[in-house]
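In case you want the letters, here they are:
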Amino acid sequence: MAAFPEILFDFAFFPRFDENIDQLSELAETEDWGYQNTESDYALPVLRNYVRFTYARLAEEGKIEITDDGAKAVFNSGLVTETQEPIYAMFVPNEIEGRQPWFFSGWYRRGEYDLTDFAKLPDMANYYDNPHLLVMDVQKELRPNLEHIIADNKERFPAPFNAMDNYMLQTFLKGAIDNAIERVRRNYKAAIPQFHRGQVQLLLPLCISEPSRADLALVVNDHGDFYRAATCLTLDMAYNNARQLARPDRDWLQP
C-alpha cells in the first residue's frame, strides 16, 4: 500500500481551491455547507474542512488509486450528486518540480469517461469498525468533568451564563446534561457521532437557555464500561466534526 502525505495540500496543488470547492458544492446534492453562528474567512467552510479531513482519512487508509502508468490519481469524495452518483477527485502529475506530486484536475461523477482509465475506483473513507459506537448505550454511566468543561470552555457558553460564577454555572450545566441524557433515552438519534483525533465520539445537546434549542454540544467518549465527558463544542464546531461521518440528523444539530 503506497504511503501518501497526511495533508491534502502536500499531496496536490489546487490552483483555485475556493473555486474548486464551489464546483464541488454545485455538483453534489444540495446541502448547507456554511456556519450559522461563527464568522469564517471562507465561503462553505464546512465543505472545505470536509474535503481536507476526508483526504487525510483516505491517505491513512491507503484508499487513493493511481493508474498503472502513473498518469492519474483519484479518491472518493464520499459525496454524491442529486441522483446519488458518487463523486471523485481526480489528479494528474504536477509538472513543476519540487512541488506537490499531483495537480488537481477536477471533480468527476463515477460514470464519466475520464475515470475509465481506472480499473478499480477507490472506496470512500471508513471511520469505524464497530457500528455500536454510533449509538449511545443509555444503560451505561456518564461521568462528566463539570469543572474542566467550564474552566476550559466558559467563553463558549451563551450570555449570561458565560459571566456567571463557576459554581452557579456548574449547577445549570449539570441540569442540562441530565436533560440531554433523558432526551437520548427518548430518541437515540439525539446522540450524534463525530470523528475526532482517530476515534468516534458522541455529541449530546446542551440546552441551557431554553429547552427546545441547543446552545452547545457535549462531547462524550466511550470508556467501555462507562462514558466520560470533559469538553463541549459550539454548534458550528460540532456540525463540522459530525459531518465528517454523515450529514447529521436535524433533531438539534443543524448547519
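Residues numbered from 1 in each chain as written. Predicted model: local features only at pLDDT ≥ 70, side-chain atom pairs only at ≥ 80, totals over all residues. Heavy atoms only, no water.

(A) Structural detail: the overall build of the chain. Along the chain, the regular secondary structure elements total 6 helices and 10 strands. Projected onto its principal axes, the C-alpha positions of the chain cover 65 × 35 × 35 Å. Here the chain holds 255 residues, and the buried ones make up 46% of them. Of the contacts made within the chain by residues no fewer than 6 positions apart, 57% connect residues no fewer than 24 positions apart. Summed over its atoms, the accessible surface of the chain is roughly 13,700 Å², and 47% of this surface lies on carbon and sulfur atoms. (Helix = DSSP H or I, 4+ residues; strand = E, 2+ residues; numbered from the N terminus. Buried < 20%, exposed > 50% of the residue type's maximum accessible area, 1.4 Å probe, protein only. Contact = heavy atoms within 4.5 Å. Areas by Shrake-Rupley, 256 points an atom, 1.4 Å probe, with all protein chains shown as cover.)

(B) Broad picture of the sheet that holds strand β2 (residues 65–66). Spatially, β1-β5-β4-β3-β2 is the arrangement adopted by the 5 strands of the open sheet, whose pairing is mixed. For this open sheet the edge positions go to β1 (12–13) and β2, each flanked by a neighbour on one side alone. By the bridge criterion, 5 bridges tie strand β3 (residues 73–80) to strand β4 (residues 86–93) in an arrangement that is antiparallel. The residue of β4 that forms the bridge with Val80 is Pro86. Strands β3, β4 and β5 (102–109) of the sheet are contacted by helix α2 (residues 17–27), whose axis makes an angle of about 15° with β5. The strands touched by helix α3 (residues 45–61) are β3 and β5; relative to β3, the strand with the most contacts, the crossing angle is about 130°. (Pairing = 2+ DSSP bridges. Axes fitted to C-alpha atoms, helices over the stretch in contact; angles between N-to-C directions.)

(C) The pairing of strand β7 (residues 192–196), seen in detail. For β7, the tally of buried residues reaches 4 of 5 residues, placing the bulk of the element in the interior. Counting the residues that bridge the hairpin from β7 to strand β8 (residues 199–206) gives 2 residues, and of these Arg197 lies at a positive phi of roughly 50°.

(D) Fine view of α3. With 17 residues, α3 ought to run about 24 Å at 1.5 Å a step, and its terminal C-alpha atoms sit 24 Å apart, in line with that. Buried residues dominate α3, accounting for 12 of its 17 residues. For α3, the set of buried residues is Pro45, Val46, Leu47, Arg48, Asn49, Tyr50, Val51, Thr54, Tyr55, Arg57, Leu58 and Ala59. Those residues of α3 that are buried are in contact with α1 (8–11), α2, β3, β5, β7 and α6 (235–242). Taken from the residues just after α3, Gly62 is the one with a positive phi, measuring 70°. (Expected span 1.5 Å × (residues − 1).)

(E) Representation of the packing of α2 against α3 within the structure. Two elements in contact, α2 and α3, have axes separated by 10 Å at closest approach and are oriented at 95°. By the angle between their axes, α2 is roughly perpendicular relative to α3. Counting all contacts with α2, which are made through Phe17, Asp18, Ile21, Leu24 and Ser25, the residues of α3 involved are Leu47, Arg48 and Val51. Looking at the contact of α2 with α3 residue by residue, the classes come out as 5 nonpolar, 1 polar and 2 charged. (Parallel < 35°, antiparallel > 145°, perpendicular 65-115°, else oblique. Nonpolar A, V, L, I, M, F, W, Y, C, P; charged D, E, K, R; others polar.)

(F) Fine view of the side chain of Arg243. Here Arg243 is to be found in the segment after α6. Contact partners of Arg243, with chain neighbours within four places excluded, come to Glu31, Trp33, Val46, Tyr50, Leu79 and Pro248.

(G) Region of the structure containing unusual backbone geometry. Note the cis peptide between Ala159 and Pro160, where omega equals 5°. Structurally, the position occupied by Pro160 is in the loop between α4 (146–153) and α5 (166–186). Its identity is not glycine, yet Leu44 carries a phi of approximately 55°, on the positive side. With respect to the secondary-structure elements, Leu44 resides in the loop between α2 and α3. Within the chain, Arg197 stands out as a residue other than glycine whose phi angle is a positive 50°. Relative to the assigned elements, Arg197 resides in the loop between β7 and β8. When its relative accessible area of 77% is taken as the criterion, Arg197 is described as exposed.

(H) Quick peek at the pattern of salt bridges. Using the criterion set out here, one finds 17 salt bridges in the structure. The residue Lys63 makes a salt bridge to Glu61 at a minimum N-O spacing of 3.5 Å. Assessed through its relative accessible area of 22%, Glu61 is described here as partly exposed. Where Arg213 meets Asp215, a salt bridge forms, and the shortest distance between an N and an O atom there is 3.4 Å. Classification of Asp215 as buried rests on a relative accessible area of 11%. (Salt bridge = Lys/Arg side-chain N within 4 Å of Asp/Glu carboxyl O.)

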